[in-house]
Structures are given as C-alpha cells and as structure tokens.
Amino acid sequence: MLERWRLSQQISLIIFCIVVLIVTGIILINYFITAGAVQDNSLRLRDHSEQMINTSFRIINAGLENYDNSFNGKMENGFSLAMEKYNKTGGDLSQIDLQDLNQQLGMEISIINHSAVVVQSSKPLNQTLDFNIVSPDFVEFLNRIGNTSRMYPGRIVPDYYTGNLTKYAYMPTPDHKYVMELAYSKPEFGQQGLRLDYRRVMNQIKEINPDIDHARLFRKNFRLVGDPSYNATDEERSIISSIFADRQSREFEFPENKSVVKYLLIDMRNGFYGADMSLVAEITYQNNRLEDKLNRILVNHLILALIIIICGMLLSVQLSRRITRPIEDLVEDVDKVACGNLDHTIRTGASIELRSLQESTIRLVSSIRTLVYDLKQEKEKLLHSEERYRKVVETQAELICRFKPDGSHLFVSDAYARFFGKSIDEMLSSRFTPEMTQKERQIMATHLSLLNRETPSATIEQQVLCHDGTIRWVQWNDTAIFGEDGTVFEYQSVGRDITNLKLLEENLRASDLLYRSTINAMVDGVHVIDRSYTILLINNAFHVWIDLPTAESLINQNLFDVFPFLDEKIKAEYIEVFETGRTLISEDILNQGNVIIHAETRKIPIWLDGRVEKIVTIIRDTTDKHRAEIAQQNMNQMLEHEVRIRTQELETIIHELDSFTYTISHDLRAPLRAIDGFAHILTLKTDPDKQSDTAHYLGKIHENIRFMDLLIDDLLTFSQMSRRQIELTSVNMQVIAEEVSSELMSSYSLVRFEVTIDELPPAHGDLLMLRQVLMRLLSNAMKFSQKQHKPKIRVGYTISSGVSEYFVQDNGIGFDMQYANKIFDVFLRLHPAGEYEGTGVGLAIVKRVIIRHGGHIRVISEEGFGTTFFFTVGTVHGTK
C-alpha cells in the first residue's frame, strides 16, 4: 500500500509516527513518575501519622505512669495495716472485717486465691470474680508474684464493672496463700484536666493527614476510649484479640468503598505492672482524594499530548514538502533523459548531494554515447582474455571472481562456486550477491566506493552466509578496473576463508581479557617487570593503599620512578632473583609520606630461553595483621596481670572458707553439746510423776540438737565435696552399691526392701565421692519408699549417646515434676520434717559431686509412682 503513496506522503507519515512515539513515551514516563511520587507521598504521610500516634501515646503513657506511681506510698501504708490484720487472725479470712478496713483505709480490699478467683472483697461486685475468664494475662502476673514478699503497684485503669478510673496495687500474704488487692479511687482521676486525652492527639493527626476519614481507640478489654458504653462487635473483638495475641498491627483493604482500615498496635506493655496499657488505634484511610488527584494528572497529560501531536502533524507536512520537492524535480529530469532527450538540462538542486547527482547524470549521458561502440570492440578481446584468465585461476584455492558494478558476474572460479554451493552457470546467468546482513552490505558498498585510480585495491574482512547455513569470515582483496573516463566498469575480487584464523584471534583476546581481569580482581597488588625494571603489567589493587594514577598510565614506566619509596635493599632483592632464579619472600616496611605500610612481598621469576627475563611481584598489605599482633600481645599481658590478681583473691577466699568450716565443725558443736548436757541433767532432776510436759519439751530439745548436728555434718560434707581434691581411679560401682545398700538396710530392721543391683560398668573418678553419691541416692530411695506395701529399689545403668548413665529407682511416694529443677537446691524439702527425716542437703551434695566429675544428673518422678535419678560420670574438670 505504501508503494502507491508519494515520497512526500511517506516522509510525512514517518515523521508523524516518530513524533507520536516520542511524545507518547515522554508523556507516559512523566505520568508514571508523577503518579508514583503522589502515591509515595500519600504512603509517607500515613507512616508519619502512625509514627506520631505511637510516639505521642508513649509520651502520654510515661506521664500517666509517673502520676500513677505518686500514690504508691499511700498504697504501701494501706498494705501495712491490712497485713497486720491478716497476721493477727493467723490467715483466717472469716475473722477479717474487710468493711472496717475499707473505712480505715478509704480503699476497696479484695483477696485472691491461687486459682485467681476473688474469695473475699469489701466490694460486693467483686465477689467470686474469676480472672481466668476476665483477664488470662493478669493470671500470669498473679502466678509470678505469688511466692514473693513485696508490694507490686498497678496503674490507674477503668474498673471492670463500673468503668471508673481506679489505682490498683497487689501484695502476696506472708504465708503466700493469697494475693491481696487494694483499689483506690477518687473523683479527680476522671477529670479531663488530670487524665491526658488520647482523643485530642487523634484529632490533631486527622488535621495533619486529610486522608484519614475517622479514627477510634480500643483498650485491651475492648472498651472504646472516650465512650465506655460502646459495645464492640464480634468482628472487632476478634481483630483486637488477634492483634494483642500476636503483638502485630493489621491492615484491611475495602475496594468497594475505596478505603483502607489500619488497626495500629501502640505497644505500651510493662512487665512490672499487672495491667497492659497498650491500645489499638482503628484508622480509616479514604483513597478518593488520591484517585481524584491521579485522574487530574492523567487528563492534563492527555491534553498536553494531543496538543503536541497536532503540532507534530503540521511540522511533518512542512518538512516532507521541503525535503521531497527537489527530489521530485530531479526525477522528472531523469525521466526525460531516459526517454532519449540527452540534451535536456537537469535542474540544479539546493543541496550538495543533488548537485553531485546532476553532475553524475551528465557524465552518464556522455558515456552512453561511446559505450555501445566500445563494448562491441572489447567484447571479443574480453572473451579471449577471459579464457586465458580462467585457465590460470581454476587451479587456485582462493575465491576468485569478476563482476560489474551492478552485481553481474563475468567470471567465477570453481572454488568460488563451491564455497557458495552454486554452479558456475548459475552465477554467470544472473546477478549474484553473497548473503550477508544489511550492515555488512553497507560496509561493502562503502568499501567499493572508496576505490579510485590512486588506490584501486583494498582489503576488507566480512561475514558471509554459506549455502549450508553457516557463517564464515572471508578476507576480500578487491581491485577496481577503470575505464578511460575514470569510471569503474569492473571489479576483480580474490577471497580467502579466514574463519579459523578469526576463531584463533577471538580465543587469544578472551584469554588475555581473562588474565587481566583475574589480575585486577586480586586484592593483593601485582605487577610484572622486565630486566630493565620496566613495568609490563600492573593491577588496580595499588589504588586501595597507595595514591597512584590509573594502571594503564603506568605501563612502560620504570618501577623505581613510580614507587620512589622502594630502597636499595629491595632493588638488591630484584637483582638476586634475576641472577639466582629463586622465588624470594620478604617482609617490608614501605614509607609513603606519613603512611607506614607493612607488606609481605613475593618476587616470582619467569624463565625464558634459559634465564630469568621477567619477575612477577605480589604485594600483600599486612598492616592490619601487624597491628592485631601488637594488640594481642598487649591483651595477653593485661590478661596475665588480671589472672594473677584473681588468683590472689581466690586464695584469700579459700582461706576464709577453711576458717569458716573450722568454725562450724568446732565452735558450733561445743554449745550444742552443752545444751544437750544441760537438757540431760534437767531430765534426771525432774520428778518422774510431774515430767509429762517437761519430758516432752526436753525430748524435743534432744531431737533438734541431733537434727542440728546432722545438718552441720551435711554442710561440712557439702563444703568438702566442693573443695576436696579429686583422686582419680577406676571405681567398681557395683561393689559400692552392694556395700552401701547393706549398710543402709541395717537401719530399717522392720522394713523388708527388695533391692536389685544390676551388673554395673566401672566408673573413672574419686572413690569416696562416688560412694557419697550412691549413699545419698539409696538413702533417699529407702526413706521415701519404706511406707509402701512392697518397697522396691533398683540400681542399674543405660547407654545414652555412647555414655553409661547410672540410675537409682524406687517405687516410693514420688513428687510433682514442676519441682524437678529445684530439688537439688540446698535445704529444699518437699515434705514436712516430722513426716520424713533429713536436712535437705543430700541431693545438693550429689549434684555437686556429679558436676565436679564432669557429668550430669536428672530426675523423673510421678506422685504415687516412685522416682528415678539418672547420673553420668564424665571428664573431671580439674582436681580442686
């Protein structure tokens, strides 16, 4: 269809299309950039608003916390009076008049049991309040403080039933059976001037960010800040609960009304308080304003694009007419000449190209007049010459051909025809041009046009497409043959297939590029010099620690001119490498101005024809390594000094411990023996008829003296097990277990124990210490299983991770596994002293011995089903 159009119309269409494409691209790019900037600004405004809310609320909360804590002294005074009442009643809640305490303190009093349920309160609404339902998080707080003995102040928060702001505080009772709660409320808590208003902050944020449609604040108990009567929906309760559970904000999009709802968590938790003051801000963003702005931007860009396109259309019409008018005149003149009017005058164009074309046309007309006659005479000569020429070139391997400027071949060699997969007749009977890209055709056309009488021959390398689909490189040597008028009437071309040569050159270039890229990628400095110290190659690593020009500018310069800080010693090393051919490694200190550089230098010889012609030098900056070694030496000296000081302190502490042990073993036993003696005298002097109560009390004194004596013995054993030097030997655990069980069973003459001792592997450790371990564990097993119908005890072992793990198992009373980590603590007893004897030190001694032997101990137990202690004897950590 375009072939029917005039040239001016085609040029107008091309210019118009170019203008449309450029304008469309610019407008689209500008639109997307502007729209992206508007959207980014909207998102940044959202983030800024949410950050302001978070920061402002934390500041408000910090101020409220300081205000809340100002009442802690009043709460402590209240607890003093309440605990005094509690202690006087012996913990009997029925004897405590909470209403009277309420009148005295001016505070509501509630007592909470271990199940987190209010068992008694001065406020009727709080009776039987179950915190497991109301606030599970608060139950964790009660469990954490239940075994402590101090007051825990709370925050001023809304009351669960009335919503009135109330100051709370908590304190466990001395017997740790209950947690007492004091609630203090006064009218000024609810005054707007006293309690900072979160809503005012939200209103200010809405003024700053016009995208915010509305905002609300929810507490953790789903109450709406500012409207305690509001009842949250099930969906709102679900969202708020999940946010507090995950401690993560949530965002929901609603495309139908073009809005985004952000539930922002303002995390203001403080583990010190029972109440979680965190809030959830529900913020609704409307996208209508953003979409309106984007639509206005789009309309403005479309209007601008339309205006520019119209202007481009008018400009394309004017330019096409100005360009094509001289060409149309020239075509008209050439048509007349072609019709036979050789005397017609060709009009001169306005450009250099058109004037050159006019002159060429005139020369063409004059040459046509003589061409016919000359062609007839030359035809016969050419046929004879061609025959002789063919006989010469047929034997050549080169691609030889002769062709006219229009591409008609006058002669082709067999090699030429075979190369392109055609016969000689096919090539001579038609115009043949080797297959190549449009760019290669333009290069060839330019190459041929540059041939003239002064330089009639030239060489060019091109890629051509062969008949088998392969692309091969051909080097053409073209010679132009000129007529008498100086024009080219024939070309002679000799070609040579250089594809393999090109591949070789490409491989060499790739190898050189890989070599240079590898050298430049090295962190170490690398350069190559010859025997005259001329730099042949240098990488870019020197720029990191030496101020140098570009690496290319240093090629062919003298090494010692480029690096003036290289001294005679280094030059002598290069001479040594050139003479001996040995690789030389040295540690050098390079002084470049005020910078001292420590470097490790390797000078590697390169041999050629039996002698060293070049040296590769690799320089590694070791300044940081040198500094680290100095710092390490200083650190070692400091640590040695610290060790000496700590050793002296440890020796002093050990001496004090020895003195303390002596005091316990001698000074404490003397008064105990005196008390026991005096109690015995009183027993003898007491009238047998009147000694019922007195004898009972004196018996208690004897029992406690024996218990104290046992406790001192156990403490001394515990201390000795910590400080006694370990004497390593092979210990027969089975023999020890049998001996210890026989000794212990003699103490239980009325109980028949079924003791099973498996064949135990020997252990490597201290004999006396490991005997203490088995003695204490078997004693515990017999003590707590003696009341069973058939008490059973087993001593055995298992293999765990390739290590022998011994165990002592009984079917005694067992215990709750929540005490498994505490049972090895000193003085810890899980049962009353009157029920089971003992000092609470035995298992602590066992754990200390096992730890000193590099082993570990664990326990598995269940109430009513017995206990099993497992222990290993590993590598001993030292001998003290």
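Residues numbered from 1 in each chain as written. Predicted model: local features only at pLDDT ≥ 70, side-chain atom pairs only at ≥ 80, totals over all residues. Heavy atoms only, no water.

Draft legend 1. Representation of the pairing of strand β5 (residues 179–184). In terms of burial, β5 is largely enclosed, as six of its six residues are buried. Alternating positions in β5 separate into two faces, Val179, Glu181 and Ala183 on one and Met180, Leu182 and Tyr184 on the other, with burial throughout. Looking at chain direction, strand β1 (residues 108–112) and β5 are connected through five bridges and run antiparallel. For Ile109, the partnering residue across the bridge sits in β5 and is Leu182. Between strand β4 (residues 165–172) and β5, which pair antiparallel one after the other, the connecting turn spans six residues, and His176 there sits at a positive phi close to 60 degrees. (Buried < 20%, exposed > 50% of the residue type's maximum accessible area, 1.4 Å probe, protein only. Helix = DSSP H or I, 4+ residues; strand = E, 2+ residues; numbered from the N terminus. Pairing = 2+ DSSP bridges.)

Draft legend 2. View of the pattern of salt bridges. According to the stated counting rule, one finds 23 salt bridges in the structure shown. In this structure, Arg402 and Glu490 form a salt bridge, with 2.4 Å as the shortest nitrogen-oxygen distance. With a gap of 88 residues between them, Arg402 in strand β10 (residues 399–403) and Glu490 in strand β14 (residues 488–497) connect regions that are remote in the sequence. Of the charged contacts, one joins Glu642 and Arg646 as a salt bridge, the two residues approaching to 3.0 Å between their closest N and O atoms. In this pair, Glu642 and Arg646 are both assigned in helix α17 (residues 623–667), four residues apart and thus about one turn of the helix distant. Owing to a relative accessible area of 33%, Glu642 belongs among the partly exposed residues under this scheme. Salt bridges sharing common partners tie together Arg216, Glu236 and Glu282. (Salt bridge = Lys/Arg side-chain N within 4 Å of Asp/Glu carboxyl O.)

Draft legend 3. Local environment of a nonpolar patch on the surface. On the surface, a nonpolar cluster with roughly 420 Å² of combined accessible area is contributed by Val299, Ile303, Leu304, Ile307 and Ile308. As for its position among the elements, Val299 is in helix α8 (residues 288–338). A residue is classified by how much of its surface remains accessible, and Val299, at 45% relative accessible area, is partly exposed. (Patch = residues over 30% accessible without salt bridge, like charges linked within 9 Å, V, L, I, M, F, W, Y side chains within 5 Å. Areas by Shrake-Rupley, 256 points an atom, 1.4 Å probe, with all protein chains shown as cover.)

Draft legend 4. Here's a closer look at the sheet that holds strand β24 (residues 803–810). The strand order β21-β23-β24-β26-β25 describes an open sheet built from five strands, whose pairing is mixed. Where the open sheet ends on each side, the last strands, each with one partner, are β21 (754–757) and β25 (857–862). Each strand of the sheet is rotated relative to its neighbour by a mean of 20 degrees, with strand direction disregarded. Bridge count between β25 and strand β26 (residues 866–871): six bridges; the pairing is antiparallel. Bridge pairing links Val859 to Phe869 in β26. The strands that helix α20 (residues 733–745) touches are β21, β23 (792–800), β24 and β26; relative to β21, the one it contacts most, it runs at about 170 degrees. (Axes fitted to C-alpha atoms, helices over the stretch in contact; angles between N-to-C directions. Contact = heavy atoms within 4.5 Å.)

Draft legend 5. View of the nonpolar core. The biggest cluster of nonpolar side chains holds 38 residues, and the ones touching the most others in it are Met733, Leu777 and Phe871. Within the residue set of this core, elements represented by two or more residues are α20, α21 (767–785), β23, β24, α22 (842–852), β25 and β26. By residue number, the principal contributor to this core is α21, which donates eight residues. If we ignore the near neighbours within four places in the chain, the residues touching Leu777 are Val808, Leu843, Val846, Phe869 and Phe871. (Core = buried A, V, L, I, M, F, W, Y, C linked by side-chain atoms within 4.5 Å.)

Draft legend 6. A look at the packing of aromatic side chains. In this structure the tally under the stated criterion is 22 aromatic pairs. Site record: aromatic cluster; members linked through ring pairs are Phe131, Phe138, Phe141, Tyr152 and Tyr170. The ring centre of Trp473 lies 4.5 Å from the NZ or CZ of Lys502, which sits over that ring. Sitting over the face of the ring of Tyr574, Lys603 holds its NZ or CZ atom 5.2 Å from the ring centroid. (Phe/Tyr/Trp six-rings, centres within 6.5 Å; stacked < 30°, edge-to-face > 60°. Lys NZ or Arg CZ within 6 Å of the ring centre and 35° of its normal.)

Draft legend 7. Quick peek at the packing of α20 against α21. In the contact formed by α20 and α21, the axes pass within 9 Å of each other and the chain directions differ by 45 degrees. Here α21 runs oblique to α20, going by the angle between their axes. In this structure, α20 crosses over α21, and the sense of that crossing is right-handed. Taking contact as the criterion, the partners of Met733, Ile736, Ala737, Glu739, Val740, Ser741, Glu743, Leu744 and Met745 in α20 are, on α21, Leu767, Leu770, Arg771, Leu774, Met775, Leu778, Ser779 and Met782. Taken together, the residues that form the contact of α20 with α21 break down as twelve nonpolar, two polar and three charged. (Parallel < 35°, antiparallel > 145°, perpendicular 65-115°, else oblique. Left-handed = near helix turned anticlockwise from the far one by under 90°. Nonpolar A, V, L, I, M, F, W, Y, C, P; charged D, E, K, R; others polar.)

Draft legend 8. Highlighting helix α16 (residues 568–580). Look at α16: 18 Å from first C-alpha to last across 13 residues, which is about the 18 Å you get at 1.5 Å a residue. All of the buried residues along α16 are Ile570, Glu573, Tyr574, Val577 and Phe578. Here the buried residues of α16 occupy an arc of 135 degrees about the axis, which is enough to place them on one side. More than 90 degrees from the buried face of α16, the exposed residues found are Glu568 and Glu579. (Expected span 1.5 Å × (residues − 1). Arc of directions from axis to C-beta.)

Draft legend 9. Up close: the environment of Ile555. Within the secondary structure layout, Ile555 lies in the loop between α14 (542–545) and α15 (559–562). In this view, Ile555 contacts Ile535, Leu536, Leu537 and Ile538; residues no more than four positions away in its chain are not counted.

Draft legend 10. Region of interest: the sheet that holds β4. Spatially, five strands are ordered β2-β1-β5-β4-β3 in an open sheet, and the strand pairing comes out antiparallel. Where the open sheet ends on each side, the last strands, each with one partner, are β2 (118–121) and β3 (152–158). Adjacent strand axes in the sheet meet at a mean angle of 25 degrees when their direction is disregarded. Across three bridges, the pairing between β1 and β2 is antiparallel. Bridging from a neighbouring strand, Ile111 pairs with Gln120 of β2. Against the sheet, helix α5 (residues 136–145) touches β1, β3, β4 and β5, its axis set at about 35 degrees to β4.

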